[in-house]
Structures are given as C-alpha cells and as structure tokens.
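Observations on the three-dimensional arrangement
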Amino acid sequence: MAAVARLSLNQATIKRATVAEAVEGCARHGIESIGLWREPVADHGLDRTAKLVADAGLRVSSLCRGGFLTAVDNRAALDDNRRAIDEAAALRTDVLVMVVGGVQPDKDLVGARQRVADAIAELSVYAGEAGVTLALEPMHPVFCADRGVLSTLSQALDLAEQNSSVGVVVDALHVWWDPDLDAQIVRAGPHIASYQVCDWLTPVPADVLLGRGYPGDGDIDLDRLTRHVAATGYAGDVEVEIFNAAIWAADFDEVIERVKRGYHDVVEPAL
C-alpha cells in the first residue's frame, strides 16, 4: 500500500518494538510521522533518538507522556514534567501529551482536578518558553480513578482556554461517547494539538485499557468524528494508537500494514 498522508504510527501500537525498530518500520512502510513514548526513548537515548528520526526523514507527531499531577505533594511530578517538556523540544515536536492522573487515596476528585489546574498553569509558562504545547488528554470516565480526572473534552478545554501553550488531544476512544461532543469539537478548533484514532471493541476485555482495535473494527463512527475534527481546520498528523495484547504480540510489519489499511479506508477519506 502506498504512503498515506498525515498518518502517524503511535509507538504504543507496536509496544514490543524498540525505538529503532519503530522508526525503521515507519520508514519502510512510507509513514512519515511517529508518536514516541518517553520510556523507550530513554532506553535508546534522547539525542540518538532525535538523530535517528531525522536521518530517517520522519517527524515526531507527539511525545507521550507528561502528567500525573494529582498528588497532594506533586513537586516531583512538576520536575518530571519539566524534563518531559525538554525532551519534547529535543525531539523537535511541539506536542507533549498529558495524562493528568487519577484520584488519589483521599478520594478527593474535586481537589485532584484543582491540583491539575494549578500544575498546568505553572507548567504552561515553562512549556511556552520551550515552544511546546501541553496537550491535555481527556480520558473516558472508566479511567477517572487511576489515569485521568479530566473526563470530557469540555473539562480539558476549560484549562486550555485559561492558559497559553496548552491544547487538547481528541482521542476517539476517550471522547466518542460524549453527548456534547459535536459542540465541544467546534469549541476545540484552535486548541486541538493532536488527533488520535483507534476503535472501541465489544465485548470489552477484562482490562478495558486493552480494548482498542484497528480503525473500522469497532463501534466508533470514525468517519463522522474525523469530519468534525477536519471541519475545525485541524491539519496536523493523525496518530493511530492501539492498546491491544493480541496486536502487541503480532508481527510488526503485519500490524503496520493493517494500521495503514484502516486509516486509508476509514479515516483518510474524511480528512
């Protein structure tokens, strides 16, 4: 299959791959962009990764992830997020995906959300100086307890509108269920820093985190969602990010070809 415009392979889709294998796989299959994760980048070396990507003629669509800002004492998290901002800048991406963190043992959801707001306000200044956008990822409510206390696009946009150098991630898996989604995507317009796609599989697996499928294999109307995102003027990369144990166990080349096919058939026509 020929190269597909604007497709980015999020590294998590081929989780077992090293940075070198992921970059080489993208180049081999004509994919011009990759979404990287901090841990494998650290294993490979930050500077080596930046050079590897540049030498392969790829761009980095995003770096994942910063965040986890809900602890009562989050000074260590703030320091780590400043490092993540520096890493994004070194990789020449202006998108740092922020998974803000879940409810802490005190069960104070309101307090956790306020701590996120306070931390984002502080970090946005540092991000702006580095030329990096903090891309807040609202997460499906099922993840509110352990991963993301921002559950709707509206909640993420409230923070993006209050702070410079802060945007949002529209991740199909996390937002497709929202009855107010159409209006919030219109509102999101200039704040969309990243658009991520996969599909929602049913029946949901025991670990709901791993319930993602290839575009077109599940229950999300990706054609409609993509048309709404495109109508805002979003012209950035579209990342395919899949968490699925069976896909992780499969051959990398087979996965990348299947990603390209799903993107070509379901997503690209709507852009």
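Residues numbered from 1 in each chain as written. Predicted model: local features only at pLDDT ≥ 70, side-chain atom pairs only at ≥ 80, totals over all residues. Heavy atoms only, no water.

Quick word on the pairing of strand E1 (residues 7–10)
So the rule is basically this: Categorising residues by exposure relies on relative accessible area from a 1.4 Å probe, with only protein chains included: less than 20% of the type maximum marks a residue as buried, more than 50% marks it as exposed, and the intermediate range marks it as partly exposed. The helix count covers DSSP runs of H or I at least four residues long, the strand count covers runs of E at least two residues long, and both are numbered beginning at the N terminus. Any two strands with at least two DSSP-identified bridges between them are counted as paired. Throughout, right-handed denotes a crossover for which the path from the first strand over the helix to the second runs clockwise when the strands point away from the viewer.
By the alternation rule, side chains of E1 split into Leu 7 and Leu 9 and Ser 8 and Asn 10, which are all buried. Two strands pair when backbone bridges link them, and E1 and strand E10 (residues 238–240) are joined in this way by 3 bridges, in the parallel orientation. Bridged to Leu 7 within E10 is Val 238. For E1 and strand E2 (residues 33–37), the ladder comprises 3 bridges, and the chain directions are parallel. The partner of Ser 8 across the bridge, within E2, is Ser 33. Handedness of the crossover joining E1 and E2 through helix H1 (residues 19–28) is recorded here as right-handed.

Describing the nonpolar core
Test applied: In this text, buried Ala, Val, Leu, Ile, Met, Phe, Trp, Tyr and Cys residues form a nonpolar core when linked through side-chain atoms within 4.5 Å. Residue contacts follow a heavy-atom distance rule, with two residues in contact if any of their heavy atoms lie within 4.5 Å.
Core analysis: the largest hydrophobic core is formed by 76 residues, its most contacted members being Leu 69, Leu 134 and Leu 136. With sequence-adjacent residues up to four places away left out, Leu 136 is seen in contact with Met 98, Val 100, Ile 120, Leu 150, Ala 156, Leu 159, Val 166, Gly 167, Val 168 and Val 169. Formed by 14 residues, the second largest nonpolar core is a distinct cluster that contains Ala 12, Trp 37, Val 169 and Phe 243.

Focus on the pattern of salt bridges
Stated formally: The rule for a salt bridge is simple: a side-chain nitrogen of Lys or Arg has to be within 4 Å of a carboxyl oxygen of Asp or Glu.
Summed over the entire model, instances satisfying the criterion amount to 20 salt bridges. Note that Arg 38 is salt-bridged to Asp 80, the shortest N-O span being 2.9 Å. One end of the pair, Arg 38, is in helix H2 (residues 38–44); the other, Asp 80, is in helix H4 (residues 75–90), and 42 residues separate them in sequence. Taking the relative accessible area as the measure of exposure, Arg 38 reaches 11% and is therefore buried.

Regarding the packing of aromatic side chains
To keep it simple, the criterion reads: Between 30 and 60 degrees the pair is tilted, below 30 it is stacked and above 60 it is edge-to-face, where a pair is any two Phe, Tyr or Trp rings, Trp via its six-membered ring, whose centres lie within 6.5 Å. Only lysine NZ and arginine CZ atoms are considered, and such an atom sits over a ring when it is within 6 Å of the ring centre and within 35 degrees of the ring normal.
Applying the stated criterion to the full structure yields 3 aromatic pairs. Considering the side-chain rings of Trp 37 and Phe 243, the 6.0 Å spacing of their centres and the 55° angle between planes classify their relative orientation as tilted. Pair noted here: Trp 37 is in strand E2 and Phe 243 is in the loop between E10 and helix H10 (245–249), with a separation of 206 residues, a long-range link. Trp 37 sits in the buried class, given a relative accessible area of 12%. Consider the rings of Trp 176 and Trp 200, whose centres lie 6.0 Å apart with planes at 50°: the pair is tilted. Here Trp 176 is found in the loop between helix H7 (172–175) and helix H8 (181–188), whereas its partner Trp 200 is found in strand E8 (residues 199–200), with 24 residues between them in sequence. Looking at Trp 176, the relative accessible area reads 31%, which means it is partly exposed. Here Trp 200 falls in the buried class, since its relative accessible area comes to 12%. Members of the aromatic cluster, connected to one another through ring pairs, are Trp 37, Phe 243 and Trp 248. Taking NZ or CZ as reference, Arg 212 lies 5.3 Å from the ring centre of Phe 243, over its face.

Focus: the sheet that holds E2
Going by this rule: Axis definition: a line fitted to C-alpha atoms, limited for helices to the stretch in contact. Angles are taken between N-to-C directions and run from 0 to 180 degrees.
Around the barrel, which closes on itself, the 8 strands sit in the order E1-E2-E3-E4-E5-E6-E7-E10 with parallel pairing between neighbours. Across the sheet, the mean angle from the axis of one strand to that of its neighbour is 30°, orientation sign disregarded. Bridging between strand E4 (residues 95–99) and strand E5 (residues 133–136) involves 4 bridges; their strand directions are parallel. Following the sheet pairing, Leu 96 is matched in E5 by Leu 134.

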